[in-house]
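Coordinate inspection notes
This is what each chain is made of:
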Amino acid sequence: MIIAAMVDDQLKHVSPEEPRILIVGAGIAGITLAQLLRARGMRPVLIDRSPDSRRMIGDNRAGYMLALMPMVDPIIDELECREAYLEASVGIDCYIAHAHTGKVLRQDHLGDLLADYGDYRGISRSALLDVLTDDDCPIAFGTTVTGLSDDGATVNLVQDSRSVQHGGRRQQNLGQEEVLEFDAVVIADGMNSRTRRLVTCGPAATAASESGSTAAAVSGETSPESSVDTTWGGWVCWAEADGDQSAVDEIWGDGFFLGMYPVKGAVGVFLGCPDTRQPLGPRRLAAEVRRRLSVLTPRIDACLTAVEEAEAPFFWPLRDSRALKWSHGRTVLLGDAAAGFLPTAGIGAGMAMESAGVLADELSASAVGTSAAAALERFEARQRPRVEAAHDNSRSLARLMFGRSRLFAFVRDQAFRVISIRSALKPILQLLESPPKRM
């Protein structure tokens, strides 16, 4: 259960015998790490810029629907939340690939392919956060980092000036800056992390970034991140659950993409197009796709209808990011702050949870009073190559998925008939075959 708890209240429970750990960002990566450390008897401080838990969990715009591969199973088991996880998700067994006309090209049984490694399940982001916080999860809401010392030991925190819930009553916080010391700072506040910029570029670059300038322009140096812009994006919404909750459908079209992903009680819908066609809007694009398809299954029809009828569906720009270095003194990047994935391989959330598990191992093994820098460097050495291999796979798939011409779509459809799903997922299978050694 998520509990609103201010930073000072969380620090009261940190014993002198354990390291003081600050986790910035209560998304999937940050909450996973916090709950793993708490299960081991440690008391990290978890903060999030959202004003309350309703906004944090209810806002599905980031990570709308998720497909979790078996690398999350050890995390689920360690947190002893498997029963809740199974109840909140659906097992994915079948992948159905459609040609640009809507005709089924092939069906692959992903459940059989992944059975040796564990479960492959569909779940909404909000349901996953509920599962991960089945045990108490204190979070300081409306709290941001405004400054970091060079080694990350000294942190400047500001609590939002809006009223916050505390001890069963409302309190008005005036937003004063507080300076605190921590042994380790984990930055997990997303792909567009403002805290990461404090580490890699400094406060001036952070302020410039918020005004529209780039970090590289401010510093005059090469950016500490790389990114891929597919020049595509798409609208996300929910359709009603149908009779086959174990199947994922995708149409790799000519100038459009339609993905249909089952979760508990619903089907997540993603309708994508090139950025230049975003002004068309979701309703007109859905109507156009409907006219262009020669085969319209009941699920495709229902999902296009859901897009047409959705009120202000969120538009998701398909960009990624990759930090070139994760650890900086006593600070380290985690999850999307380290590597923000394109959704093409369906593995970003799984890799974030796996990384949180590896980092929990290193932090819990780090003795109090010793520098956390060595532990954070070990974490980066162990996990960054794995994450970047999966990141590369998602980028490769994007080049195939997002085509604009009918000729490209036709050639891709023919190739798809002969390329096995095992070949397409080979980099992911290699990661599953050699999981990180857990402590």
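In what follows, the accompanying structure is described.

Calculation criteria
Residues numbered from 1 in each chain as written. Predicted model: local features only at pLDDT ≥ 70, side-chain atom pairs only at ≥ 80, totals over all residues. Heavy atoms only, no water. Pairing = 2+ DSSP bridges. Helix = DSSP H or I, 4+ residues; strand = E, 2+ residues; numbered from the N terminus. Axes fitted to C-alpha atoms, helices over the stretch in contact; angles between N-to-C directions. Phe/Tyr/Trp six-rings, centres within 6.5 Å; stacked < 30°, edge-to-face > 60°. Lys NZ or Arg CZ within 6 Å of the ring centre and 35° of its normal. Contact = heavy atoms within 4.5 Å. Parallel < 35°, antiparallel > 145°, perpendicular 65-115°, else oblique. Core = buried A, V, L, I, M, F, W, Y, C linked by side-chain atoms within 4.5 Å. Buried < 20%, exposed > 50% of the residue type's maximum accessible area, 1.4 Å probe, protein only. Salt bridge = Lys/Arg side-chain N within 4 Å of Asp/Glu carboxyl O.

On to the sheet that holds strand 14 (residues 177–181). Taken together, the three strands give an open sheet; going across it, the order is 10-11-14, and neighbouring strands pair in antiparallel fashion. Of all strands in the sheet, those bounded by a partner on one side alone are strand 10 (143–148) and strand 14. Along the sheet, successive strands turn relative to each other by an average axial angle of 35 degrees, direction set aside. Of the pairings in the sheet, the one linking strand 10 to strand 11 (residues 154–159) comprises five bridges and is antiparallel in character.

With the rule as written, the count across this model stands at seven aromatic pairs. Each member of the aromatic cluster is reached from another via a ring pair, and the members are Trp-232, Phe-257, Phe-270, Trp-316 and Phe-402. Taking NZ or CZ as reference, Arg-20 lies 5.5 Å from the ring centre of Phe-182, over its face.

With that settled, the discussion passes to the side chain of Arg-196. Relative to the helices and strands, Arg-196 resides in helix 8 (residues 194–200). With residues up to four places along the chain from it excluded, the contact list for Arg-196 reads Ile-187, Gly-190, Met-191, Glu-225, Ser-321, Leu-333, Asp-336 and Ala-337.

Another aspect to go through is the packing of helix 2 (residues 28–39) against helix 7 (residues 125–132). Between helix 2 and helix 7, the shortest axis-to-axis distance is 10 Å and the interhelical angle comes to 10 degrees. Between helix 2 and helix 7, the crossing angle belongs to the class labelled roughly parallel. Two secondary-structure elements touch here, helix 2 through Ile-28, Ile-31, Thr-32 and Gln-35 and helix 7 through Arg-125, Leu-128, Leu-129 and Leu-132.

Turning our attention to the sheet that holds strand 23 (residues 327–328). A sheet is described by the order of its strands in space; here five strands give the open sequence 3-2-15-24-23, paired in mixed fashion. Of all the strands in the sheet, the pair left with one neighbour each is strand 3 (45–47) and strand 23. The pairing of strand 15 (residues 184–187) with strand 24 (residues 331–333) spans three bridges and is parallel. Bridge pairing in strand 24 links Val-185 to Thr-331. Packing against the sheet, helix 14 (residues 373–401) makes contact with strand 23 and strand 24, and its axis sits at approximately 20 degrees to strand 24.

Once that is clear, we can look at the nonpolar core. In this structure, Leu-22 and Leu-33 are the most contacted members of the largest nonpolar core, which totals 112 residues. It is helix 13 (residues 348–365) that provides the largest number of residues to this core, a total of nine residues. Residues in contact with Leu-22, not counting those within four places in the same chain, are Val-45, Ile-47, Val-145, Val-155, Leu-157, Phe-182, Ala-184, Val-185 and Val-186. Within the second largest apolar cluster, 23 residues are counted, among which are Cys-237, Cys-273, Leu-293 and Ala-310.

Most of the time, phi is negative for any residue but glycine, and the peptide bond is trans. In this structure, Glu-80 takes a positive phi of about 55 degrees despite not being glycine. Take Glu-80: it is sitting in the loop between helix 4 (73–78) and helix 5 (82–88). Classification of Glu-80 by relative accessible area gives exposed; the value is 73%. The phi dihedral of Ala-312 is positive, around 50 degrees, even though this residue is not glycine.

If you walk through the whole model with that rule in mind, you get 26 salt bridges. A salt bridge links Asp-77 to Arg-82; the shortest N-O distance between them is 2.7 Å. With a relative accessible area of 42%, Asp-77 lands in the partly exposed category. On the accessibility criterion, Arg-82 (22% relative accessible area) is partly exposed. Between Glu-288 and Arg-292 there is a salt bridge, and its shortest N-O distance comes to 3.1 Å. Here Arg-292 and Glu-288 lie together in helix 11 (residues 282–292), a separation of four residues that amounts to about one turn. Residue Arg-292 is classed as partly exposed on the basis of its relative accessible area, which comes to 29%. Three or more residues are tied together by salt bridges with common partners; here these are Asp-73, Asp-77, Arg-82 and Asp-119.

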